[in-house]
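Letter by letter, the chains look like this.
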Amino acid sequence: MAMNERLIHEFKSAIRNIPDFPRKGIMFKDLTTLFRNRVLLGTLIEVLYDYYRDLGITRVVGIESRGFIAGSALAVKLGAGFVPIRKPGKLPAGSYRKEYSLEYGSDAVEIHKDALDDGDIVLLHDDLLATGGTSRAALDLIRLFPVKKIYINFIVELKFLNGRQLFTSPEDIYSVISYEA
Ligand code: AMP
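As the structure is a computational prediction, the values presented were derived from the model and not from experiment.

So, how was this worked out
- Residues numbered from 1 in each chain as written.
- Predicted model: local features only at pLDDT ≥ 70, side-chain atom pairs only at ≥ 80, totals over all residues.
- Heavy atoms only, no water.
- Core = buried A, V, L, I, M, F, W, Y, C linked by side-chain atoms within 4.5 Å.
- Buried < 20%, exposed > 50% of the residue type's maximum accessible area, 1.4 Å probe, protein only.
- Helix = DSSP H or I, 4+ residues; strand = E, 2+ residues; numbered from the N terminus.
- Contact = heavy atoms within 4.5 Å.
- Phe/Tyr/Trp six-rings, centres within 6.5 Å; stacked < 30°, edge-to-face > 60°.
- Lys NZ or Arg CZ within 6 Å of the ring centre and 35° of its normal.
- Near = heavy atom within 4 Å.
- Polar contact = N/O pair within 3.5 Å; in protein donor to acceptor, adjacent residues only side chain to side chain.
- Areas by Shrake-Rupley, 256 points an atom, 1.4 Å probe, with all protein chains shown as cover.
- Nonpolar A, V, L, I, M, F, W, Y, C, P; charged D, E, K, R; others polar.

Caption draft 1: Focus on the nonpolar core. Counting 32 residues, the largest nonpolar core has Leu44, Ile57, Leu78 and Val156 as its most contacted members. Elements that contribute at least two residues to this core include exactly α1 (5-14), α2 (32-35), α3 (38-52), α4 (69-78), β7 (121-129), β8 (149-158) and β9 (173-179). With seven residues, α3 is the single largest residue contributor to this core. Contact partners of Val156, with chain neighbours within four places excluded, come to Ile15, Leu31, Asp127, Leu128, Leu129, Ile177 and Tyr179. Judged by nonpolar contacts, the second largest core, of 24 residues, contains Ile85, Tyr100, Val122 and Leu141.

Caption draft 2: Broad picture of the packing of aromatic side chains. Enumeration according to the criterion identifies seven aromatic pairs in this entry. When the ring of Phe21 is compared with that of Phe28, the centres are 5.2 Å apart and the planes differ by 85 degrees; the resulting orientation is edge-to-face. Judged by relative accessible area, Phe21 falls into the partly exposed class, the value being 42%. When the centroid spacing of 5.7 Å and the interplanar angle of 80 degrees are considered together, the rings of Tyr96 and Phe145 count as edge-to-face. Highlighted residues: Tyr96 in strand β5 (residues 95-101) and Phe145 in the loop between α5 (133-142) and β8, separated in sequence by 49 residues. Among the aromatic residues, those joined into a ring-pair cluster are Tyr51, Tyr52, Tyr151 and Tyr174. The ring of Tyr179 has Lys12 sitting right over it, with the charged end atom 4.6 Å from the ring centre.

Caption draft 3: Quick look at unusual backbone geometry. Residue Pro22 is bonded to the preceding Phe21 through a cis peptide linkage, with omega at -5 degrees. Within the element layout of this structure, Pro22 appears in the loop between β1 (16-19) and β2 (27-30). Cis rather than trans, the peptide bond between Glu64 and Ser65 has omega equal to -15 degrees. Turning to its location among the elements, Ser65 is positioned in the loop between β3 (59-63) and α4. Residue Asp20 is not a glycine yet carries a positive backbone phi of 60 degrees. In this fold, Asp20 is placed in the loop between β1 and β2. We classify Asp20 as partly exposed; its relative accessible area is 41%. One non-glycine residue with positive phi stands out, namely Asn162, at about 55 degrees.

Caption draft 4: The arrangement of the side chain of His112 in detail. As for its placement among the helices and strands, His112 is situated in strand β6 (residues 106-112). A residue is classified by how much of its surface remains accessible, and His112, at 17% relative accessible area, is buried. Residues within four places of His112 in sequence aside, it is in contact with Leu91, Pro92, Ala93, Gly94, Ser95 and Phe145.

Caption draft 5: Region of the structure containing α5. By the criterion of burial, α5 is predominantly enclosed, with eight of the 10 residues buried. Among the residues making up α5, those that are buried are Gly133, Ser135, Ala137, Ala138, Leu139, Asp140, Leu141 and Ile142.

Caption draft 6: Expanded view of the site of the ligand. Around the ligand, the structure places 14 residues, and the nearest of them are Asp126, Asp127, Thr131, Gly132 and Thr134. One of the backbone N or O atoms of Ala130 is found 3.0 Å from an oxygen atom in the ligand. Look at the ligand: alone it shows 490 Å² of surface, and the protein chains cover 84% of it. Taken together, the elements giving at least two residues each to the shell around the ligand come down to β2, β7 and α5. Partitioned by chemical class, the residues of the shell around the ligand number six nonpolar, four polar and four charged.

Caption draft 7: Representation of the environment of Met3. Mapped onto the fold, Met3 is located in the segment before α1. Among the residues examined, Met3 registers a relative accessible area of 23% and is labelled partly exposed. Residues Met3 and Leu48, 45 residues apart in the sequence, show an inter-C-alpha distance of 9.6 Å. With near-sequence residues (within four places) excluded, Met3 lies in contact with Ile8, Phe11, Val47, Tyr174 and Val176.

Treat this as a map of the structure, not an account of what it does.
Spelled out as structure tokens, the structure:
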């Protein structure tokens, strides 16, 4: 299924906007109201499946925790494996860590050292691209492995935050829904 104006409108109507969460000045895009709708959840996975079905994806890498939801459903549909990228200290086995800076302070993400194989074709997935710090750090982790190709997907992109500029191959990024302001 391909995206069209009607679907964009339906998805946007199903996303709940929460002002000043988790702190003042942030308009939080709550996707739980989209995920709870069985028709829209199915449609979203169909849209993503159609976009990536012929690219030979072998592993979907989802970012904790909202990237696990559609990421794992999509992995099943694509016949790919699923790999989690998690916040520090959560993964049980040997992991690589990448720190990145936030507006205030820093954070980090981790991936298991044996999570990806040589020649994997990877789809990095998260629910939302904001400033891009998190997904850029996740991409840096994936690049530690000799994978063949990395595609990047978000359900929502907040264009006005220019997160895309942190990526050297923006043509490999696909966002289902974008907000210009
Ligand atoms: P960033 O590193 O700024 O791109 O932010 C990435 C993470 O924070 C994503 O995993 C999002 O789930 C979450 N996030 C940031 N801003 C928002 C927002 N306005 N609404 C919902 N989630 C957000």
